[in-house]
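A look at the structure
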Amino acid sequence: MNITIVIPAHNEANFIAQMLQSLVQQTLLPKEVIVVNDNSSDNTGEIVQNFIPAHPFIKLVNISSSGEHAPGSKVVNAFYQGFYQIREDYDILCKFDADLIFPENYLERIAEIFKSDPSVGMAGGFCSIQRDSDWVPENLTGKDHIRGALKAYRKHCFIQIGELKPAMGWDTADELLARYHDWKVVTDESLLVKHLRPTGMNYFEHSGRKQGEAFYRLRYGTFLTLIASAKLAALKMNPFAFLHYLSGYFAAKNKKRPFLVSEEEGRFIRDLRWKNIKKKLGLS
């Protein structure tokens, strides 16, 4: 299966060499890797350029976007600047972050998952963080969710869910829409990816409010938002985050921010969320 990888990168000089090295050592090499150097002020672009002579499947795309911290929209917009540069036809499209180190069999295993079941639309492993000398799972989401850092899509699934949403919550919306179109989302706990910059090292109140806004724009409704906000704040071990999520949700509701999904898709999302909650509580 032909695998194309797009990597948005902004000031990733401390990590991207390790990330690219892990990709060029894969047991199944990608057909194309496109690194989008998004307005970096460090030598991210130079580091990527140094890999290209020995690994011509790597391509560097330089863009100039706003330096503003814009959760969700900045990374999705950069991703599409790379996506528009794809040269090879692909079977699997990956969006990876630049601060990861992949195990050598990662791409081979992802390809096996897609090959084994044609109804699988998305697949991925899990991020891990270093604690002392060990790497342990970064448990910030459920076992059925693929982090935005390491998305892999079957081509027809990617086309069917439509464009990724340039907003906080895009990496939840894509999975929900994949399931809406009857695609399976598969995770593999054996695929632990080293996350060199753990999520939440820098918590921004702005990001929390954007997350709350995403709950509104995904049509969660108030009660589901309360549950999701409490769960996420607990995982981040940040009680103030709960207040920021709710503040963002109600601000978006008062401003009547445009939804990211249709009314029908929203009903499906709410029904799916409630079904999962009841399942975890042993009520179904």
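Structure: see above.
For the structure given in this document, a descriptive report is provided here. Because the structure is a prediction, the values reported are computed rather than measured. (Residues numbered from 1 in each chain as written. Predicted model: local features only at pLDDT ≥ 70, side-chain atom pairs only at ≥ 80, totals over all residues. Heavy atoms only, no water.)

Bringing the overall build of the protein chain into the picture now. Within the protein chain, the regular secondary structure consists of 10 helices and 9 strands. Taken over the C-alpha trace, the protein chain has a radius of gyration of 19 Å; the compact-globule value for 284 residues is 19 Å, and the two agree within 12%. If one aligns the C-alpha atoms of the protein chain with their principal axes, the spans along those axes are about 55 × 40 × 40 Å. For the protein chain, the residues scored as buried account for 49% of the 284 residues in total. In the protein chain, once contacts between residues fewer than 6 apart in sequence are set aside, the share between residues at least 24 apart is 78%. Total accessible area on the protein chain stands at roughly 13,600 Å², and carbon and sulfur atoms take up 51% of it. Seen as two clouds, the 35 positive and the 32 negative side-chain charges of the protein chain have centres 7 Å apart. (Helix = DSSP H or I, 4+ residues; strand = E, 2+ residues; numbered from the N terminus. Rg over C-alpha atoms; globule rule 2.2 N^0.38 Å. Buried < 20%, exposed > 50% of the residue type's maximum accessible area, 1.4 Å probe, protein only. Contact = heavy atoms within 4.5 Å. Areas by Shrake-Rupley, 256 points an atom, 1.4 Å probe, with all protein chains shown as cover. Lys, Arg positive; Asp, Glu negative; His and termini not counted. Charge placed at Lys NZ, Arg CZ, Asp CG, Glu CD.)

Our focus in this paragraph is the pairing of strand E3 (residues 58–63). Along a regular strand, successive side chains alternate from one face of the sheet to the other. Counting buried residues in E3 gives 5 out of 6 residues, a clear majority hidden from the surface. Where strand E2 (residues 32–38) lies against E3, 6 bridges are found, and the strand directions are parallel. What sits directly across from Asn-37, in E3, is Asn-62. For the segment spanning E2, helix H2 (residues 44–51) and E3, crossover handedness is right-handed. (Pairing = 2+ DSSP bridges. Right-handed = clockwise from strand over helix to strand, strands pointing away.)

Turning our eyes to something else, we now look at the packing of aromatic side chains. Under the criterion given, the structure shown has 18 aromatic pairs. Plain terms: the ring middles of Tyr-80 and Phe-83 are 5.8 Å apart, the flat faces sit at 85° to each other, and that makes the pair edge-to-face. Of this pair, Tyr-80 and Phe-83 both sit in helix H3 (residues 73–83), 3 residues apart, roughly one helical turn. Stacked on the ring of Phe-126, the Lys or Arg Lys-143 has its end atom at 5.4 Å from the ring centre. When the ring centre of Phe-259 is taken as reference, the NZ or CZ atom of Arg-219 above it lies at 3.7 Å. (Phe/Tyr/Trp six-rings, centres within 6.5 Å; stacked < 30°, edge-to-face > 60°. Lys NZ or Arg CZ within 6 Å of the ring centre and 35° of its normal.)

It is the contact of helix H7 (residues 205–217) with helix H9 (residues 239–255), at a shortest axis distance of 6 Å, that shows an interaxial angle of 50°. Between H7 and H9, the interaxial angle falls into the category oblique. Every pair of crossing elements has a handedness; the one defined by H7 and H9 is right-handed. Across from Glu-205, Gly-208, Arg-209, Gln-211, Gly-212, Glu-213, Phe-215 and Tyr-216 in H7, the residues of H9 making contact are His-244, Tyr-245, Ser-247, Gly-248, Tyr-249, Ala-252 and Lys-253. (Axes fitted to C-alpha atoms, helices over the stretch in contact; angles between N-to-C directions. Parallel < 35°, antiparallel > 145°, perpendicular 65-115°, else oblique. Left-handed = near helix turned anticlockwise from the far one by under 90°.)

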